[in-house]
Amino acid sequence: MRRTYSPGILPSVIGMLNVDSVSRSFGDRAVLRNVTFGVGSGKLTGFVGANGAGKTTTMRIILGVLAADSGEVTLDGKPLTREIRQRFGYMPEERGLYPKMTVHDQVVYLGRLHGLSSSAAEERTKKLLDRLGLGERAGEKLEALSLGNQQRAQVAAALVHEPDMLVLDEPFSGLDPIAVETMVDVLRDRASAGVPVLFSSHQLELVERLCDDLVIIADGSIRAAGDRAALRAQHALPRYQLVVDTDAGWLRDQPGVTLLDLEGPRAVFDLDPGFDDQKVLHAALERGPVRSFGPVVPSLTEIFREVVR
Amino acid sequence: MTTFDATKVVAAREIRVKLRDKTFIFSTIFFLLFAIAVTVLPVLFSGGPTSVAVADQATATVLQQQEDLEVRVVANDAAAEQLVRDGDVDAAVLAGPEVIAMDDRPGEVVTALSTAPPVRLLDPGAIDPFLAYIVPFALAFVFFFTSFLFGLQIAQSVTEEKQTRIVEILVASVPTRALLAGKVAALTLLAFVQVALIAIVTLIGARLAGIDPGVLDLLQPTIGWFVAFFLVGFVMLAALWAGVGALASRPEDLNGVSQPVQMAVMLPFFAVIFLGENEFAMRILSYIPFSAPVAMPTRIFNGDAAGWEPFLALLVMAVTAVALLAVGARVYEGSLLRTNGKTSWATAWRSRTTV
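So, how was this worked out
Residues numbered from 1 in each chain as written. Chains lettered and ligands numbered in written order. Predicted model: local features only at pLDDT ≥ 70, side-chain atom pairs only at ≥ 80, totals over all residues. UniProt positions renumbered as here; feature names shortened; annotations may be inferred. Helix = DSSP H or I, 4+ residues; strand = E, 2+ residues; numbered from the N terminus. Rg over C-alpha atoms; globule rule 2.2 N^0.38 Å. Buried ≥ 20, exposed ≤ 12 C-beta atoms within 10 Å, placed from the backbone. Contact = placed C-beta atoms within 7 Å. Core = buried A, V, L, I, M, F, W, Y, C linked by C-beta atoms within 7 Å. Pairing = 2+ DSSP bridges. Axes fitted to C-alpha atoms, helices over the stretch in contact; angles between N-to-C directions. Domains from an automatic or database assignment. Nonpolar A, V, L, I, M, F, W, Y, C, P; charged D, E, K, R; others polar. Expected span 1.5 Å × (residues − 1). pLDDT = per-residue confidence, 0-100. Parallel < 35°, antiparallel > 145°, perpendicular 65-115°, else oblique. Left-handed = near helix turned anticlockwise from the far one by under 90°.

- Naming follows an unreviewed UniProt entry, where chain B appears as ABC transporter permease of Paractinoplanes aksuensis.
- The record in UniProt for chain B states the following under Subcellular location (unreviewed entry): "Membrane".

Given below as structure tokens:
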């Protein structure tokens with residue numbers, strides 16, 4: 001009778017979620033144009049973009065709350081059905097639960113709606129609320145909780161059915177630093193269980209620290225997507241930092257070097273194409289000891305600024 | 001999980017929430033008291049049988065044939081009069097015959113002593129004018145308030161989910177239809193239980209109070225049909241209530257957008273109250289799906305409806321219910337996720353964005 005998409009039927013590794021050439025317009029305003037990217041199994045994928053770039057619309061389409069005009073979303077090559085989506089966990093940008101229902105009751109209810117039996121829903125709710133530090137407040141109405149605790153309840157609502165895919169819209173916004181760490185733990189934990197996790201955030205430093213993969217969207221199209229380290233290497237400029245013992249001002253006269261920043265013995269410079277970085281190092285060594293020399297890897301903020309330009 | 005399973009989970013939550021809701025508890029208690037009051041109080045106030053003192057044996061024999069008289073035979077007229085003055089009996093029959101009482105004309109005694117002319121009723125179905133007035137009024141009242149209260153609660157529950165934005169999580173986990181069906185089923189069940197409870201209490205009350213068996217014979221089918229008509233009538237409007245609930249995105253908008261549905265409940269109420277005497281109008285009202293739940297049982301009570309008529313009216317209502325459920329569902333699905341401001345009926349009708 002029950003057509004529950006239970007984890008038992010699934011291969012142990014859940015697989016890859018692919019967003020394939022998805023477009024969507026509201027009226028004559030194109031919000032998404034041929035959006036294509038993947039979220040790998042067991043990977044934390046950060047979804048970054050300015051306000052109005054199309055993050056929320058993309059997530060709503062993945063969840064099936066909104067229909068795509070064209071293109072499709074697949075999990076391991078298969079189009080998403082209601083049964084598969086029921087195993088997804090979702091935290092919408094605009095948070096909301098029933099204000100007059102107790103935390104425990106609504107987390108159980110959402111677990112039931114995701115296909116859990118009532119005993120399984122009870123058990124997981126209890127475990128999850130304890131883990132999120134809400135165990136003692138479980139019997140209170142949501143409206144009686146502080147904003148931070150309401151956010152935790154929201155996290156519990158997204159996780160209660162141990163989802164096979166997590167889609168979280170700005171999961172860190174409004175969280176206090178302790179709750180951020182709890183959230184990070186929970187996400188890492190889900191990812192290490194093989195679950196693809198997609199989350200959007202404005203806090204680029206946090207995304208940089210957390211993510212395995214990155215997707216950058218601007219004006220409804222994907223500007224960059226892939227492994228974070230690879231992206232950084234790809235967007236690395238021929239930029240170097242040199243630290244010597246004495247003043248590094250001589251770099252100004254070195255061929256091919258454009259000095260960007262100089263503070264006595266520390267210098268940051270770009271090297272024109274065709275010039276060898278090792279020659280610069282030799283030149284430095286001839287003048288005295290070299291304490292450090294190496295390429296400067298761009299931060300996510302810099303990459304972001306560059307690709308959305 | 002099937003759509004049906006999801007519907008059950010949604011309905012179970014609605015019922016749990018409502019059973020703890022004060023509005024529900026108070027409205028149930030209020031209606032039950034109302035039902036008891038209407039049936040039991042008139043009989044209580046009318047008091048017991050009239051006691052009458054009489055000296056003449058022949059008169060006493062005549063009076064004793066009356067069920068509602070309690071006859072006391074005394075030695076003479078003076079003793080009889082004294083009993084009346086002491087308040088031991090309500091009335092006395094003295095020689096003459098003359099009937100005496102303190103301040104209340106003892107109609108039963110007078111009737112018992114009179115020779116009534118033969119009466120030929122031209123319309124034997126006609127009933128006590130008080131009942132003829134109170135029964136349709138009570139039906140209309142119960143239908144109007146129950147239908148309105150529970151309908152509005154469907155709308156409020158939908159608006160609440162929109163306003164708190166939980167609707168996006170709900171829609172991401174279960175089909176929109178399951179949400180709608182769960183709400184409609186839960187509130188229909190609660191409304192039906194409330195009305196059935198009122199019906200049972202009314203019938204039991206009427207029996208205990210010793211209402212005229214003839215009236216009871218009319219009251220039973222009337223109330224039975226009323227419960228059936230109420231059920232179909234409530235379901236008919238339930239999806240529309242959910243639809244208007246989804247059109248509003250804040251509780252403040254609800255009153256405005258639910259106006260058409262409010263009218264569909266309110267106008268028949270007043271129509272039945274004001275046109276109750278007009279048999280032709282009632283015949284028409286008893287087939288219009290919105291007024292049928294009150295008008296048809298009223299006609300059954302008055303003995304004006306042929307045996308097949310309630311079945312036909314119920315069929316008309318059922319067909320209308322199917323159509324309005326479809327309309328309500330479409331409006332609901334078309335407006336549920338539009339969270340910025342009020343949605344118009346036309347926009348909701350055109351746009352169903354869920355997958």
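## Some remarks on the overall build of chain B
Argument step 1. Check the secondary structure of chain B and you find 15 helices and 4 strands.
Argument step 2. Taking 2.2 N^0.38 as the reference for a compact globule, 355 residues should give roughly 20 Å; the C-alpha atoms of chain B span a radius of gyration of 28 Å, well beyond that estimate.
Argument step 3. With the C-alpha coordinates of chain B rotated into their principal frame, the extents come out at 95 × 40 × 35 Å.
Argument step 4. Each of the 355 residues in chain B was classed as buried or not, and the buried ones make up 41%.
Argument step 5. Of the contacts formed within chain B by residues at least 6 apart in sequence, a portion of 69% connects residues at least 24 apart.

## Considerations on the overall build of chain A
Argument step 1. Helix and strand counts for chain A come out as 10 helices and 14 strands.
Argument step 2. Each of the three principal axes of chain A carries a C-alpha extent, and together these read 80 × 45 × 40 Å.
Argument step 3. Burial statistics for chain A: of 309 residues in total, 42% are counted as buried.
Argument step 4. Long-range pairs, those at least 24 residues apart, make up 69% of the contacts in chain A between residues at least 6 apart in sequence.

## Let's talk about the UniProt feature "transmembrane region" (unreviewed entry) in chain B
All names here are of chain B.
Argument step 1. Here, the residues flagged by UniProt with the feature "transmembrane region" (unreviewed entry) are residues 23-45, 130-152, 184-205, 225-248, 260-276 and 311-332.
Argument step 2. Taken end to end, residues 260-276 is 94% helix and 0% strand, and its first and last C-alpha atoms sit 24 Å apart.
Argument step 3. Between the C-alpha atoms that bound residues 311-332 the distance is 31 Å, and the span itself is 100% helix and 0% strand.

## Concerning the interface of chain A and chain B
Argument step 1. Taken together, the contact pairs 26 residues of chain A with 19 residues of chain B.
Argument step 2. Of all the secondary structure elements, the ones that give two or more residues to the side of chain A that touches chain B are helix H2 (82-85) and helix H3 (103-113) of chain A.

## Structural notes on the nonpolar core
Argument step 1. Ala-156 and Val-167 of chain A together with Ala-238, Ala-239, Trp-241 and Ala-242 of chain B are the most contacted members of the largest nonpolar core, which totals 159 residues.
Argument step 2. At 19 residues, the largest contribution of residues to this core is made by helix H9 (residues 213-247) of chain B.
Argument step 3. Those residues in contact with Ala-239 of chain B that lie beyond four places of it in its chain are Leu-180, Val-184, Leu-324, Leu-325, Gly-328, Ala-329 and Tyr-332 of chain B.
Argument step 4. Judged by nonpolar contacts, the second largest core, of 14 residues, contains Ala-53, Val-54, Ala-92 and Ala-112 of chain B.

## Examining the sheet that holds strand E12 (residues 257-263) of chain A
Residues and elements named next belong to chain A.
Argument step 1. Taken in spatial order, the 4 strands of this open sheet run E12-E13-E11-E14, and their pairing is antiparallel. Across the chains shown, the open sheet's two edge strands, defined by having one partner strand only, are E12 and strand E14 (290-295). Each neighbouring strand pair of the sheet contributes to a mean axis angle of 15 degrees, computed without reference to strand direction.
Argument step 2. Two elements, strand E11 (residues 239-244) and E14, share 5 bridges in a ladder whose sense is antiparallel. Bridging across to E14, Val-244 finds its partner in Val-290.

## As for the UniProt feature "domain: ABC-2 type transporter transmembrane" (unreviewed entry) in chain B
Argument step 1. The sites that UniProt annotates as "domain: ABC-2 type transporter transmembrane" (unreviewed entry) are residues 134-329 of chain B.
Argument step 2. Taken as a whole, residues 134-329 of chain B contains 86% helix and 0% strand, while its terminal C-alpha atoms sit 37 Å from one another.

## Focus on the domain arrangement of chain B
How large an interface is tends to be reported as the accessible area lost when its parts come together.
Argument step 1. If you check the domain split of chain B, you get domain 1 (3-42 + 127-350) and domain 2 (60-113).
Argument step 2. One C-alpha centre belongs to domain 1 of chain B, the other to domain 2 of chain B, and the line joining them spans 53 Å.

## As for the domain arrangement of chain A
Residues and elements named next belong to chain A.
Argument step 1. Taken as a whole, chain A is organised into domain 1 (7-229) and domain 2 (235-308).
Argument step 2. Between domain 1 and domain 2, the C-alpha centre-to-centre distance is 41 Å.
Argument step 3. The interface of domain 1 with domain 2 comprises 9 residues on the first partner and 6 residues on the second.
Argument step 4. Put simply, the parts of the chain that give the side of domain 1 that touches domain 2 at least two residues each are helix H7 (204-210), strand E9 (213-218) and strand E10 (221-227).
Argument step 5. Here the side of domain 1 that touches domain 2 takes 3 residues from H7, the largest share from any one element.
Argument step 6. Of the residues belonging to the side of domain 1 that touches domain 2, the class tally is 7 nonpolar, no polar and 2 charged.

## Let's talk about the sheet that holds strand E6 (residues 88-91) of chain A
Residue and element names in this part refer to chain A.
Argument step 1. Taken together, 6 strands build an open sheet; the order of strands is E6-E7-E8-E3-E9-E10 and the sheet is mixed. Either end of the sheet is taken by a strand with one partner, and the two such strands are E6 and E10. Neighbour-to-neighbour, the strand axes of this sheet turn through a mean angle of 15 degrees, independent of strand direction.
Argument step 2. Bridging between strand E3 (residues 44-48) and strand E8 (residues 197-200) involves 4 bridges; their strand directions are parallel.

## Section: unusual backbone geometry
Residues and elements named next belong to chain A.
Argument step 1. Although it is not a glycine, Ser-21 sits at a positive phi angle of roughly 50 degrees.
Argument step 2. Here Ser-21 is to be found in strand E1 (residues 17-26).
Argument step 3. Backbone geometry places Asn-34, a non-glycine residue, at a positive phi of 45 degrees.
Argument step 4. Structurally, Asn-34 can be placed in strand E2 (residues 29-39).
Argument step 5. Classification of Asn-34 as partly exposed rests on a count of 13 C-beta atoms within 10 Å.

## A word on helix H4 (residues 118-131) of chain A
All names here are of chain A.
Argument step 1. Spanning 14 residues, H4 covers 20 Å between terminal C-alpha atoms, matching the ideal 20 Å at 1.5 Å per step.
Argument step 2. Where H4 is buried, its residues meet H3 and helix H5 (147-159).
Argument step 3. A positive phi of about 75 degrees marks Gly-133, the residue just after H4.

## A few points about the confidence of the model for chain A
All names here are of chain A.
Argument step 1. Here chain A averages 86 in pLDDT, while 95% of its residues score no lower than 70.
Argument step 2. Averaged pLDDT values over the elements of chain A bottom out at 81 in helix H10 (residues 300-308) and peak at 94 in H3.
Argument step 3. Throughout residues 1-13 the model reports pLDDT below 50, and contacts reaching past four residues in sequence, or to other chains, amount to 14 contacts.

## Some remarks on the packing of H9 of chain B against helix H14 (residues 309-335) of chain B
Two packed helices can be described by the angle between their axes and the distance between those axes.
All names here are of chain B.
Argument step 1. The contact between H9 and H14 brings their axes to 7 Å, and the two run at 15 degrees. Our classification of the angle between H9 and H14 gives roughly parallel. Every pair of crossing elements has a handedness; the one defined by H9 and H14 is left-handed.
Argument step 2. Among the residues making up the contact of H9 with H14, the classes are represented as 23 nonpolar, 5 polar and no charged.

## Examining the environment of Val-103 of chain A
Residues and elements named next belong to chain A.
Argument step 1. Summarising the element assignment, Val-103 is placed in helix H3.
Argument step 2. The spacing of Val-103 and Asn-149 is 46 residues in sequence and 9.9 Å in space, taken between C-alpha atoms.
Argument step 3. Among residues more than four places away in sequence, those in contact with Val-103 are Leu-129, Leu-134, Arg-137, Ala-138, Glu-140, Leu-142 and Ala-153.

## Structural notes on the packing of helix H8 (residues 176-208) of chain B against H9 of chain B
All names here are of chain B.
Argument step 1. For the pair H8 and H9, the least separation of the axes is 9 Å and the interaxial angle reads 165 degrees. Comparing the axis directions of H8 and H9 gives the class roughly antiparallel. Along this stretch, H8 crosses H9, giving a crossing that reads as right-handed.
Argument step 2. Of the residues contributing to the contact of H8 with H9, the split by class is 22 nonpolar, 3 polar and 2 charged.

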